[in-house]
Amino acid sequence: MKKFLSLVLSIVMILGLVACGQKAATTTASADGTATKLVMCTNAEFPPYEYKDGGKFMGIDVECAKLIGEKLGVEVEILDIAFDSLIPTVMSGKADFAMAGMTVTEDRKESVDFTHTYQKAVQAIVVPIDSTISSANSLEGKKIGVQTGTTGDIYCSGDFGDAAIERYSKIIDGFQAMKSGKIDAVVVDDQVASAIVEQDSTAFKILETAYAEEEYAIAVKKGNTDLLNKLNSVIDEIKSNGELQAIVSKYIK
Ligand code: GLN
C-alpha cells in the first residue's frame with residue numbers, strides 16, 4: 001500500500017512538474033552574485049496561513065515571508081499554485097522555497113530539505129453539525145473530503161482506502177460539498193478548520209479528537225544549504241524574539 005502510495009505521489013509530482021514547467025520566475029541576483037529576490041510558492045487557499053483578500057495575499061505565512069525578506073534584504077515574490085505542485089516547483093528551481101502550512105514528513109524529506117519548524121498543527125475532523133460521527137474510528141465507510149496531496153489526504157487514503165476519499169484542490173470546495181450532503185467529513189489542519197468553521201458555525205462542528213499531530217516548516221531545494229541556513233537563522237530569531245508569535249496572534253485569537 002505504501003509503495004503504491006509513493007508511486008502515485010511520484011506520478012502526481014511529475015505531472016506537477018510538467019504543469020508548472022513554464023510559468024514561474026527564478027531567483028534574480030545582483031552584480032555581486034547575492035540574491036535580490038526570492039520566489040516563494042504557496043497555495044493561497046489556506047486561511048489563516050495564506051489566502052487572498054481583495055486580490056492581496058494575506059496570512060501568517062505571507063507575513064512571515066515578508067519579514068524573512070526584510071531581514072535577508074531581499075524582495076519576496078509570491079507564486080500561487082496548487083498544493084501538490086509546491087514540492088515539484090521547488091525541486092525544479094522555479095521557486096526558491098515553499099511556505100504553505102506545509103507539514104514535515106519523511107516522504108517529503110526525500111524530495112526537499114526542510115527548515116526548522118515554525119508552527120504545530122493537528123489534522124482535525126470536521127463534520128456537519130448534526131452528524132453522528134464522533135471520532136476517527138467512525139469515519140470507517142464514510143466519504144471523507146481532503147485537499148489533494150496534503151497530509152490529510154495521505155493519512156486518510158492510507159487508513160480508509162482510496163474509495164473513501166474525495167479530493168479537492170481547494171479545501172473550501174470540500175466544505176461546500178459537505179454542506180450539500182455529498183460527503184460526510186472533511187479532514188484538514190485544525191487552524192484552517194477553525195477559520196472556515198467560524199464563518200459557518202451553524203453548519204459544521206470540529207470533533208474534539210484530533211486525527212494526527214504535525215509541524216510546519218519551509219521547504220527548499222535539496223542541497224540548497226545556503227538558503228536553508230539563512231531561513232533557519234531568521235526562523236530561530238523570530239521564534240525567540242516574539243515576532244513570529246505577534247504575527248500568529250493577528251490571525252489566531
Ligand atoms: N499541512 C498540510 C500538509 O502539509 C496541509 C497544507 C495545506 O493544505 N496548505 O499537507
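Before any of the text, the structure's been laid out above.
Source: prediction; values computed, not measured.

Calculation notes
- Residues numbered from 1 in each chain as written.
- Predicted model: local features only at pLDDT ≥ 70, side-chain atom pairs only at ≥ 80, totals over all residues.
- Heavy atoms only, no water.
- Helix = DSSP H or I, 4+ residues; strand = E, 2+ residues; numbered from the N terminus.
- Buried < 20%, exposed > 50% of the residue type's maximum accessible area, 1.4 Å probe, protein only.
- Lys, Arg positive; Asp, Glu negative; His and termini not counted.
- Salt bridge = Lys/Arg side-chain N within 4 Å of Asp/Glu carboxyl O.
- Polar contact = N/O pair within 3.5 Å; in protein donor to acceptor, adjacent residues only side chain to side chain.
- 1 Å grid on protein atoms, 1.4 Å probe; cavity = no way out; pocket = protein on both sides within 12 Å on 5 of 7 lines; lining within 4 Å.
- Points joined across faces, edges and corners; volume = space filled by probe spheres on them.
- Nonpolar A, V, L, I, M, F, W, Y, C, P; charged D, E, K, R; others polar.

Student: What's the story with the side chain of Asp-96 in this structure? I'm lost.
Tutor: Considering the arrangement of structural elements, one finds Asp-96 in the loop between helix H3 (86-91) and strand E7 (97-98). No salt bridge is formed by the buried Asp-96; the nearest opposite charge belongs to Lys-37, separated by 7.8 Å. Only 2.6 Å separates the side chain of Asp-96 from the backbone nitrogen of Val-39, close enough to count as a polar contact.

Student: Please clarify how empty space enclosed by the protein should be interpreted in this entry.
Tutor: One simple way to see leftover space: roll a probe sized like a water molecule over the atoms. Scanning all chains against the criterion turns up 1 cavity of 30 Å³ or more. Taken as a whole, the largest cavity spans an internal volume of roughly 60 Å³. Looking at the largest cavity, the residues that line it are Phe-46, Phe-83, Ala-100, Gly-101, Thr-103, Arg-108, Gln-147, Thr-150, Thr-151 and Asp-189. Classifying every residue of the lining of the largest cavity gives 3 nonpolar, 5 polar and 2 charged.

Student: Where do I start with the pattern of salt bridges in this structure?
Tutor: Think of it this way: side chains of opposite charge can pair up when their charged atoms draw near. The full count for this structure, using the stated rule, is 13 salt bridges. Two residues, Glu-106 and Lys-109, come together in a salt bridge whose shortest N-O distance is 3.2 Å. With Glu-106 and Lys-109 both in helix H4 (residues 106-109), this residue pair falls 3 residues apart, about one helical turn. Take Lys-109: its relative accessible area is 36%, and that puts it in the partly exposed class. Each of Lys-71, Glu-237 and Glu-243 takes part in a single network of salt bridges with overlapping partners.

Nothing here speaks to function; it is all geometry.
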